[in-house]
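Coordinate inspection notes
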Amino acid sequence: MDMQFYVIGMGELLWDMLPDGKQLGGAPVNFAYNAQQMGARGAILSAVGKDSLGDEICENIEKLNIDSLISKVDFPTGTVAVTLKDNGIPTYDIVENVAWDMIELSDAAKKELNKVDAICFGSLAQRNEVSRKAIEEAINYTTGNCLKVFDINLRQHFYTKEVIKKSLELCNVLKINDEELVILSDMFGWEGSDIEKCQFLIDHYKLEMLALTCGENGSYLFTTDEHSYLETPKVEVADTVGAGDSFTGVMIIGKLQNKRLSEIHQMAVNVSAFVCTKKGATPFYEIDRICDKINC
């Protein structure tokens with residue numbers, strides 16, 4: 001039997017207020033869910049409010065069979081107003097001063113962090129100093145063999161050069177999209193082609209893997225000595241909420257399983273495309289049958 005890997009998504013936990021109603025959201029739960037669909041044990045490290053929305057989030061996490069390292073704090077549970085464009089691409093209005101801005105590490109969380117094979121974090125949850133310090137502390141509790149995944153997820157104005165630089169120094173796996181690469185290139189003065197910039201990042205920050213996603217224009221995976229490019233499958237898009245997080249979750253489990261780079265990439269692309277065909281970020285799928293639903 002294959003080893004069951006243990007992964008944690010840490011950061012924002014909230015309700016996406018979509019036109020059709022609210023849905024459980026936040027990159028950490030999307031990451032943990034998709035890693036779990038790949039056979040891993042997934043957990044969420046975050047905070048919700050002492051309110052009905054927080055209770056409902058905890059109930060939904062339990063229904064998804066995702067482990068909870070969620071604390072309840074004296075701030076309201078996070079919400080995001082999501083507007084979908086005609087092509088299904090979302091825009092976000094993210095409420096500030098909410099529970100996931102106030103994440104603190106419990107003793108139980110510290111013990112679990114020492115056991116994990118991968119932890120995924122982004123820039124959004126670091127907009128507040130409390131959660132930013134908790135994320136840095138959490139990474140320090142992981143072992144040297146842990147994959148520390150920085151899935152940047154730039155949102156609105158909720159990032160700074162200092163936070164990005166520190167996060168790049170903390171991670172050993174990076175996930176970035178083409179729009180974010182442009183923003184960071186301007187911020188840090190990186191030059192050259194996208195491929196040259198990715199190779200620079202691999203070398204400069206000693207990354208084990210880097211993923212560059214370019215929407216409908218395909219995606220790349222890089223390691224120190226090889227890279228893979230794949231076109232984006234043509235599918236009927238319901239919405240793209242959570243597609244990038246699904247890519248990350250599948251990619252990380254593939255890496256933990258020591259699969260070939262091309263195989264890791266193909267499965268991440270397939271699952272991400274499938275998620276785009278469904279409303280919401282956590283549709284059910286059977287990983288062994290995903291290729292039956294996507295032209296791969």
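Residues numbered from 1 in each chain as written. Predicted model: local features only at pLDDT ≥ 70, side-chain atom pairs only at ≥ 80, totals over all residues. Heavy atoms only, no water.

Concerning the overall build of the protein chain
Here is the rule we go by: The way it works is that DSSP assigns letters per residue, a run of H or I at least four long becomes a helix, a run of E at least two long becomes a strand, and they are numbered from the N terminus. Radius of gyration here uses only the C-alpha atoms, and the compact-globule reference equals 2.2 Å multiplied by the residue count raised to the power 0.38. Each residue's exposure class comes from its accessible area (1.4 Å probe, protein chains only) as a fraction of the maximum for that residue type: buried when under 20%, exposed when over 50%, partly exposed otherwise. In this description, contact between two residues means that some pair of their heavy atoms is separated by no more than 4.5 Å. Computed by Shrake-Rupley with a 1.4 Å probe, the accessible areas treat only the displayed protein chains as cover when residues are assessed.
Each helix and strand in the protein chain was counted, giving 10 helices and 13 strands. The globule rule puts the C-alpha radius of gyration for 296 residues at 19 Å, and the 18 Å found for the protein chain is close to it. Summarising its shape, the C-alpha atoms of the protein chain cover approximately 45 × 45 × 40 Å along the three principal directions. In the protein chain, buried positions account for 55% of the 296 residues. Sequence separation of 24 or more characterises 69% of the internal contacts of the protein chain that already satisfy a separation of 6 or more. With the model as given, the accessible surface of the protein chain reaches about 13,500 Å², and the carbon-plus-sulfur share is 45%.

Concerning the packing of aromatic side chains
How two aromatic rings sit relative to each other is given by the distance of their centres and the angle of their planes. To be explicit about the condition: Between 30 and 60 degrees the pair is tilted, below 30 it is stacked and above 60 it is edge-to-face, where a pair is any two Phe, Tyr or Trp rings, Trp via its six-membered ring, whose centres lie within 6.5 Å.
Counted according to the given criterion, the structure contains 5 aromatic pairs. Summarising the aromatic geometry, the rings of F121 and F150 are spaced 5.3 Å apart at their centres and angled 20 degrees between planes, so their arrangement reads as stacked. Taken together, the positions of F121 in strand β8 (residues 118-121) and F150 in strand β9 (residues 147-151) put the pair 29 residues apart, joining distant regions of the chain. Judged by its relative accessible area of 0%, F150 is buried. Taken together, a centroid distance of 5.8 Å and an interplanar angle of 20 degrees make the contact between Y220 and F222 stacked. Comparing Y220 with F222 shows no difference in burial state: the two are buried. Taken together, the ring pairs in this structure connect F188, W190 and F200 into an aromatic cluster.

A word on the side chain of D101
Take D101: it is sitting in the loop between β7 (90-94) and α3 (107-113). For D101, a relative accessible area of 2% translates into the label buried.

Looking at unusual backbone geometry
The backbone of Q156 sits at a positive phi, close to 50 degrees, despite the residue not being glycine. Its location among the elements puts Q156 in the loop between β9 and α5 (161-170). Here the phi dihedral of K206 falls at roughly 55 degrees; this positive angle occurs in a residue that is not glycine. Structurally, K206 is set in the loop between α7 (194-204) and β11 (209-213). The class of K206 is exposed, set by a relative accessible area of 69%.

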